[in-house]
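Coordinate analysis (summary)
Spelled out from the first residue to the last, the chains are:
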Amino acid sequence: MSAYKHILIGLDLSPESQQVVERVKSLFGYSECQLSLVHVQEPLSFAYGGDIPMDLTEVQYQLEEQAKQRLTVIGKDLGVPIESQHVIIGQPAQEMHRFANDNNVDLIVVGSHGRHGISLILGSTATGVLHGSHCDVLAVRV
């Protein structure tokens, strides 16, 4: 039995995400805890800062739909129902904190690329989640 009741699994949907999924299965696969899958997409307007003089709404929508389809596949693998699969638009660490606080999450699981040196100082999503979280965080090295 797990000490955790609600686990947020934050996925970037890269190929390495499967390592995070496998770790969750190995640690919590037979427990009764609730799992929520969360993928946070930064708005394209953040990435391009208005440098592209065009409406990116349709592209953003297509990316969101692709993410939902990928989460559906992962959700089936983990037995996570569709209503517990979330694609959120925003800043990844902030949105995971918000989701965790709003949904009584007691563990956030994210992948960590194990950055060193200046990359570690500048931060990563895993570092951002760790430093602002009010619950436990498990960073899975990928």
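Just above sits the structure.
Structure report, in brief.

Parameters and conventions
- Residues numbered from 1 in each chain as written.
- Predicted model: local features only at pLDDT ≥ 70, side-chain atom pairs only at ≥ 80, totals over all residues.
- Heavy atoms only, no water.
- Pairing = 2+ DSSP bridges.
- Helix = DSSP H or I, 4+ residues; strand = E, 2+ residues; numbered from the N terminus.
- Axes fitted to C-alpha atoms, helices over the stretch in contact; angles between N-to-C directions.
- 1 Å grid on protein atoms, 1.4 Å probe; cavity = no way out; pocket = protein on both sides within 12 Å on 5 of 7 lines; lining within 4 Å.
- Points joined across faces, edges and corners; volume = space filled by probe spheres on them.
- Nonpolar A, V, L, I, M, F, W, Y, C, P; charged D, E, K, R; others polar.

As a further point, take the sheet that holds strand E5 (residues 136–141). Strand pairing in a sheet relies on backbone hydrogen bonds. The paired strands run either parallel or antiparallel. Taken together, 5 strands build an open sheet; the order of strands is E3-E2-E1-E4-E5 and the sheet is parallel. For this open sheet the edge positions go to strand E3 (85–89) and E5, each flanked by a neighbour on one side alone. Averaged over all neighbouring strand pairs, the angle between strand axes comes to 25°, with direction disregarded. Relative to E5, strand E4 (residues 107–112) runs parallel, the two sharing 6 bridges.

Let's shift gears to the layout of surface pockets. Considering only enclosed or pocket space, the largest pocket measures out at about 320 Å³ in volume. Forming the walls of the largest pocket are 20 residues, and the residues nearest its centre are Gly10, Leu11, Asp12, Gly111 and Thr125. Put simply, the parts of the chain that give the lining of the largest pocket at least two residues each are helix H1 (17–28), strand E2 (34–41), helix H4 (92–102), E4 and helix H6 (125–132). In terms of residues, the lining of the largest pocket owes the most to one element, E4, which gives 3 residues. Of the residues that constitute the lining of the largest pocket, the class distribution is 8 nonpolar, 9 polar and 3 charged.

Keep in mind that these numbers describe shape and distance, not what the molecule does.
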